[in-house]
Amino acid sequence: MPTQDFFNLRDREIGGRRRQPTQPRSVPSPYKFSRTLRGNEGLVRRLGMEAKHQWHDGCVNTVHFTPSGRWLITGSDDQMVVIGDWQTGAVRLAYNSGHRNNVFQAKTLPFSNEQTIVTCAADGEVRVGVLQDDSEVATRRLANHRGRAHKLAVDPASAHVFLSTGEDGVVNQVDTRQEEAIPLVTVRAAPPGRQRKIGLNAISLNPMNSHLFATGGSDVFCRIFDRRRLPMTEALLAAGEEPCVEKLVPDHLQHQPHLTITCTAYSHSGEELVASYNDESIYLFDARNSSAGPGLFLQKYEGHRNERTVKGVNFFGQRSEYVVSGSDCGNFFIWDKETAEILSMQKADEEVVNCLEPHPHLTLLATSGIDDDVKIWAPIRDAPPSLAPAKRQAARNNKARERNAAVCGSDSRVRPEVLFRAVLNNFDGFDFRSATTGEADAPTYELAGSSDEDDDDDEEDDDDDDDDDDDVEEDE
């Protein structure tokens, strides 16, 4: 039985979980109050830029708060990993990741006293760095993907095991104590016989059941796997057994081969899953055995633009009350999860916002994109700003996406002779709506679906996508 000294120490350190005897029952404990406050809509709508940290000499591709919330870990095109104080901007440690190309993700492993950091990068490697002191980090390679390694998924119940994935379509189970990673599954297109590999952009673990993980990549399906069934035997695969336990996709997107998923994320309870589609919308799914029905989704979020780079998406709030995403217009958007109403839009990059990381305990966000800095967002405004600029920007983004869909058509293909003529004429005066392929036997030219994650030379948005300085209220 814990002693009173234990409760006193806990109250001093974390604010206490219990209502004090002298408090009326209507007064919540400090602990419960802080948890409730974190998801307060009034605070979410008051978010403003509190700080900007210039820690890198290249695009910042990953931002990650340590479990305590004390430090922010970032990785960049400069191949460096930085551990910094997000409040003061002081750099605790900056070290060479050991990668030979852009760092795409960096995370701490649980139960390591925030001393073990795993990374993946465009060189295909998965590496681990152990902080020996505040001036030295030893790194070593744990796994390797063919092509770029995009994302990591950390098991909250393990100090050593995590998952990695990349463009080769392979999901590796990596153990820092082992010499070699275990390939759990190679994601392929269905049905059997069409064994095209699905390059993966995203992977996320169910926080309430770490046996389950979800992937998204170069097709329209968000697949859920159970690690207890993997790896599958050759006999089962040859018999046509599906490695995944669930495939989620909106019904109207099932036959859109040009679409890809750029990011997936589980809610805090593991009951819901959100997926962001390239140059389409963000969709919310019921992750519990498709109870919403095959091809159905719970909610749809629009207004952003996800066409130029690999955008992240995340839940925000103590109970995942909100959905957040970056955009090609240089803003990030916050939607109410239940109503899909835009609650906030903030200018966070001169070009594109890619990464959004909620603080584990506070109403606070870290963002990054094409700019070389990291921005911290906190509820510092005296009053919520007007939503009129956000609605105008959302309308422009939606119009640009619809125009792009009309140009490319459902199969994103244009006849080669039309493309050649368009290039000769610098695309002036061409009606792309009539140029898209309409004959099944016509030769076609496959257009690129999306820009690379490390490509900083993307084409500039047209006039409809230009930032409207008057539409975004500058932070003081």
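Check the entry above for the structure.
Attention here is on the structure that accompanies the text. (Residues numbered from 1 in each chain as written. Predicted model: local features only at pLDDT ≥ 70, side-chain atom pairs only at ≥ 80, totals over all residues. Heavy atoms only, no water.)

## Here's the deal with the overall build of the chain
Step number 1: Assigned secondary structure in the chain consists of seven helices and 30 strands.
Step number 2: Put simply, the chain has 476 residues, and 54% of those count as buried.
Step number 3: Residue pairs in contact within the chain that sit at least 24 positions apart in sequence constitute 53% of those at least 6 positions apart. (Helix = DSSP H or I, 4+ residues; strand = E, 2+ residues; numbered from the N terminus. Buried < 20%, exposed > 50% of the residue type's maximum accessible area, 1.4 Å probe, protein only. Contact = heavy atoms within 4.5 Å.)

## Points about the sheet that holds strand E27 (residues 365-369)
Step number 1: Taken in spatial order, the four strands make up an open sheet running E1-E28-E27-E26, and their pairing is antiparallel. In this open sheet, the two strands that pair with only one neighbour each are strand E1 (47-53) and strand E26 (353-358). Neighbour to neighbour, the strand axes of the sheet diverge by 25° on average, direction disregarded.
Step number 2: Of the strand pairs in this sheet, E26 and E27 are connected by five bridges, and their pairing is antiparallel. (Pairing = 2+ DSSP bridges. Axes fitted to C-alpha atoms, helices over the stretch in contact; angles between N-to-C directions.)

## A word on the pairing of strand E19 (residues 272-277)
Step number 1: The buried fraction of E19 amounts to six of the six residues, a majority that puts the element mostly inside the structure.
Step number 2: Pairing of strand E18 (residues 261-266) with E19 involves five bridges; the strand directions are antiparallel. Note that in E19 the partner of Tyr 266 across the bridge is Leu 273.
Step number 3: Linking E18 back to E19 in an antiparallel pair, the connection comprises five residues, with Gly 270 at a positive phi of about 75°.
Step number 4: As paired elements, E19 and strand E20 (residues 282-286) share five bridges and run antiparallel to each other. In the sheet register, Glu 272 faces E20, and the bridge partner there is Asp 286.
Step number 5: Hairpin connection, E19 to E20: the antiparallel pair is bridged by four residues, and Asp 279 has positive phi, about 50°.

## What about the nonpolar core?
Step number 1: Judged by nonpolar contacts, the single largest core of 18 residues is most densely connected at Ile 224, Tyr 266, Leu 273 and Tyr 277.
Step number 2: Residue assignment for this core shows that the elements contributing at least two residues are strand E15 (212-217), strand E16 (222-226), E18, E19 and E20.
Step number 3: It is E19 that contributes the most residues to this core, three residues altogether.
Step number 4: Those residues within four positions of Tyr 266 in sequence are excluded, and the remaining contacts are Ser 204, Leu 205, Asn 206, Pro 207, Leu 212, Phe 213, Ala 214, Ile 224, Glu 272, Leu 273, Ala 287 and Phe 315.
Step number 5: Judged by nonpolar contacts, the second largest core, of 17 residues, contains Cys 263, Cys 329, Trp 335 and Ala 394. (Core = buried A, V, L, I, M, F, W, Y, C linked by side-chain atoms within 4.5 Å.)

## Here we look at the pattern of salt bridges
Step number 1: Going through the model one piece at a time under the given rule, you end up with 21 salt bridges.
Step number 2: A salt bridge links Glu 302 to Lys 300; the shortest N-O distance between them is 3.6 Å.
Step number 3: The exposure class of Lys 300 is partly exposed, given its relative accessible area of 28%.
Step number 4: Asp 328 serves as the salt-bridge partner of Lys 311, at 2.4 Å between the closest nitrogen and oxygen. (Salt bridge = Lys/Arg side-chain N within 4 Å of Asp/Glu carboxyl O.)

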